[in-house]
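Geometric and topological summary
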Amino acid sequence: MGTKRDYYEALGVKRGASEKEIRQAYRKLARQHHPDLNPNDKAAETRFKEISEANEVLSDKEKRGKYDRYGHDWQLAEQAEAARAKAGFSGPGGRAYEFSTDDIFGGSGGDLGGMFGDLFGRSGARGSRGRGQLDSLPGQDVEQPVLISLEEAFAGTTRLLNLATADGAPRRIEVRIPAGVREGSRVRVASEGAPGPFGGPKGDLYLVVSITPNNTFVRDGDDLAVKAPVPLHVAVLGGEVEIPTPKGSRLALRIPPETQNGRRIRLAGQGMPRLGGNGNGDLYAEVNVVIPTHLSDEERALFKRLAELRSPIGAAE
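So, how was this worked out
Residues numbered from 1 in each chain as written. Predicted model: local features only at pLDDT ≥ 70, side-chain atom pairs only at ≥ 80, totals over all residues. Heavy atoms only, no water. Axes fitted to C-alpha atoms, helices over the stretch in contact; angles between N-to-C directions. Helix = DSSP H or I, 4+ residues; strand = E, 2+ residues; numbered from the N terminus. Parallel < 35°, antiparallel > 145°, perpendicular 65-115°, else oblique. Left-handed = near helix turned anticlockwise from the far one by under 90°. Contact = heavy atoms within 4.5 Å. Nonpolar A, V, L, I, M, F, W, Y, C, P; charged D, E, K, R; others polar. Salt bridge = Lys/Arg side-chain N within 4 Å of Asp/Glu carboxyl O. Buried < 20%, exposed > 50% of the residue type's maximum accessible area, 1.4 Å probe, protein only. Core = buried A, V, L, I, M, F, W, Y, C linked by side-chain atoms within 4.5 Å.

**Looking at the packing of helix H2 (residues 19–33) against helix H3 (residues 42–58)**
- Axis separation between H2 and H3 bottoms out at 9 Å; the angle between their running directions is 160°. The angle between H2 and H3 falls in the class roughly antiparallel. Here H2 and H3 pass one another in a crossing that is left-handed. Contact with H2, carried on its side by Ile 22, Tyr 26, Leu 29, Ala 30 and His 33, involves Ala 44, Arg 47, Phe 48, Ile 51, Ser 52, Asn 55 and Leu 58 of H3 and no other residues of that element.
- Looking at the contact of H2 with H3 residue by residue, the classes come out as eight nonpolar, three polar and one charged.

The structure is reproduced here in structure tokens:
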């Protein structure tokens, strides 16, 4: 296996990049290389896994700090710190071990090999107690991308996942993605992550949601915006037009007389569901006045008459 590429290089950002810059770079690359958009493209699949792994680390402040210090060995550092947090590991004669990540990465700490020999039972009962404490360390959480449509985000949806098992036979589980998820939302699946480093419990699996661009609606948080084509005479005199909704139905939108092009009309509670079931956002219809074409002689004459009535010269006469 080749050497891993630097995570910052994988996302195309500088080492001092902000969280926003990292997030934007990941989203751009994820949409470009997502397996659902590149079927049977192994190179795209490999690239997607690479940028997903880079984003998982660099988007987490704590993990990023470890990566900046230790590089791709940051997980070993994390495991060592977790073991240290269990404080109280004792060796022969009741000696309490104090160790840091420097012990692993070339610092001047104690005898790490001897310490783990004691922890793993080579020194009697106290070593056995240390082994039990290590056994309780949970495994790493795992992230897996999932691509859904805006309509699926509105209604909620499910995905079937193939999970690897120790015997190599994949296991299928169905995961419910709740209504109202946003770009970057993380759906937790408990105890389906990596196994503990010393046989401990599994970590969790997180589905990281990406939402495909929609040709009809623009999302802003829990609100949606949609273009509302309005005939010129309706914009002038008032009336009703129909607009689509994310439910797939259509709503009658009342247009007040003399409505200007570009006006936004709010339809309360017709936007995206809020996560947790606390109602919905709003739907904003943006008026797009449609100028009539292929005018008849009578229609053209009416517009000429209107122009005469509205012109300053006509008013003076």
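**Let's talk about the pattern of salt bridges**
- One pass over the full model with this rule turns up 20 salt bridges.
- Asp 6 is paired through a salt bridge with Arg 15; the nearest N and O atoms lie 3.1 Å apart.
- With a relative accessible area of 24%, Asp 6 lands in the partly exposed category.
- Notably, a salt bridge pairs Glu 242 with Arg 250, separated by 3.3 Å at the nearest N-O pair.
- On the accessibility criterion, Glu 242 (52% relative accessible area) is exposed.
- Beyond isolated ion pairs, a larger network of salt bridges with shared partners links Arg 5, Glu 9, Arg 47 and Glu 50.

**Quick notes on the environment of Asn 280**
- As for its position among the elements, Asn 280 is in the loop between strand E10 (264–267) and strand E11 (283–290).
- Spatially, the C-alpha atoms of Asn 280 and Phe 154 are 9.9 Å apart, while their sequence positions differ by 126 residues.
- The contacts of Asn 280, once residues within four sequence positions are left out, are Phe 154, Gly 269, Gly 271, Met 272, Pro 273 and Arg 274.

**Focus on the nonpolar core**
- Within the largest apolar cluster, 35 residues are counted, with the highest numbers of intra-cluster contacts made by Ile 148, Ile 243, Leu 253 and Ile 255.
- The contacts of Ile 243, once residues within four sequence positions are left out, are Val 226, Ala 228, Ser 249, Arg 250, Leu 251, Leu 253, Leu 267, Leu 283 and Ala 285.
- Ala 25, Val 57, Leu 58 and Val 208 belong to the second-largest nonpolar core, a separate cluster that totals 19 residues.

From the geometry alone we can't say anything about function, so treat these as descriptive.
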